[in-house]
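# Examination of the molecular architecture
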Amino acid sequence: MSHPVVVRKAYLNRLYQLSTNRDVVKVISGNRYCGKSTLMSQFRDMLLNKGVPESNIIYLDMSESMGTIDDSFQFTGLVKSRLSSEDAFLLVDDMNFVNNWDSAIKDLRERYRLNIYIVLPYATSDDYRGILDALGNYDVTTLYTFSFKEFLEAYPITDEHGYGERFEQYISIGGQPFMDMSMSQKDHFMISEGMFNLILNWDIGSRSRIDTVAISRLALYILNNIGNVTTLSALRQNSNVTDQRTVEKYLHYLLEYQTIMKAEAVDITDMRRLGVKAKYYTTDVRSIRGITPRGAFSISRQATIENIVFLELVRRGYEVYAGFYRGNDIGFMAIRGSETIFVKSVLALSDERAKGKEFKAFASVPGKKYLLTTDRGMNGFYDNIEYKNIISFLLE
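Reference entry: report on the structure contained in this document. (Residues numbered from 1 in each chain as written. Predicted model: local features only at pLDDT ≥ 70, side-chain atom pairs only at ≥ 80, totals over all residues. Heavy atoms only, no water.)

### Some remarks on the pattern of salt bridges
In the structure shown here, the tally under the stated rule is 19 salt bridges. Put simply, E339 and R336 hold a salt bridge, and the shortest N to O gap is 3.0 Å. (Salt bridge = Lys/Arg side-chain N within 4 Å of Asp/Glu carboxyl O.)

### Points about the environment of S345
By secondary structure assignment, the location of S345 is in strand β10 (residues 339-346). With 249 residues separating them along the chain, S345 and N96 place their C-alpha atoms 39 Å apart. (Helix = DSSP H or I, 4+ residues; strand = E, 2+ residues; numbered from the N terminus.)

### Considerations on the pairing of strand β4 (residues 115-119)
Regular strands place their side chains on alternate faces of the sheet. Where burial is concerned, most of β4 is hidden: five out of the five residues are buried. Neither face of β4 is open: one carries N115, Y117 and V119, the other I116 and I118, and all of them are buried. Judged from the three bridges that link them, strand β1 (residues 25-29) and β4 form a sheet pairing that is parallel. Bridged to K26 within β4 is Y117. Pairing between strand β3 (residues 89-93) and β4: four bridges, direction parallel. When the sheet's bridge partners are listed, V92 is paired in β4 with I118. (Buried < 20%, exposed > 50% of the residue type's maximum accessible area, 1.4 Å probe, protein only. Pairing = 2+ DSSP bridges.)

### Side note on unusual backbone geometry
Unlike most non-glycine residues, Y122 shows phi in positive territory, near 55°. Note on placement: Y122 falls in the loop between β4 and α5 (126-135). Of note, the phi angle at N384 is positive, near 65°, even though the residue is not glycine.

### Some remarks on the sheet that holds strand β5 (residues 138-142)
The strand order across the open sheet built from five strands is β2-β3-β4-β1-β5, with neighbouring strands paired in parallel fashion. On the outer flanks of this sheet lie β2 (57-61) and β5, each paired with one strand and no other. Averaged over all adjacent pairs, the angle separating strand axes in this sheet is 15°, with direction ignored. (Axes fitted to C-alpha atoms, helices over the stretch in contact; angles between N-to-C directions.)

Encoded structure:
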């Protein structure tokens, strides 16, 4: 049985706030199967619930119009035929299925006062960034997989299923909206493998001349080393990609198409980038458990927790760096506007990471510090550090 539909309130509220500015094209982006189409449908329902007449909402799913609406001229004609008010909402799912879609959007903006929302996968990639820049005012809402809080909307806490069990299930199946606990582990593996291959062979491969075997080796090496500081040279040597420029190119593709995410290594004293050092994380915690049933990754639980924390900080709007202080890895430095926080995760306070040299460097960092642990009941301040249980942090 599939889980209940999760209403993604934070994203919906952001989209609605943007409706006050009709001059901005609102773009919903994200990687495959993270729920972009569902979010657009939920936004339509939100508008109706807030009193927008149904006649003032033009909702189009271009994936359903393949073969009939293929170019900008046909698309513009379709919109005009549905138009009952010049200040209507235009909601377009899978805008990328229309050839020269940007010309259609430009034409419609010049003629009408439409409030335009479009779904455009990988909107920040090189393929689309230049097109969007040419359109002028636009805003990208990047959709991520379920947070733990959203996961609990799909699988609520009950007398039989507590927070600890749900957290373990979240680690096991991840945050992809279509994943379900009724599926077998084999099904989870097969779906993950299929998505992985689809992104590499179609999303990336159809747009660029790449060696799919080589980029797969690079991706698998990165996923097998979540949270470890690495360099381009190390990536080249350990993935058997012979040319460093090829590594740079393939790494760029993996980041653009959101197979992985990057936390640049910086010295927090002066925000100096530490050469090409960086940490890499996956966009869904499920990937940490392995892409295929034939070869699960040997990722530590500590790395899994660190990946979850990284994603949560990104969801909350922080720019996240791998922080170093006096040569020591201190965890994450996260910046949001004028706010800077430092976040370190450990499995338990008895771990070396919670008392060794790196922890002492973390403790000496000036600023707001959080130490996250899986220890239960660990919430409070000690020596200018706020200690939090990881579940408590994820539920904030």
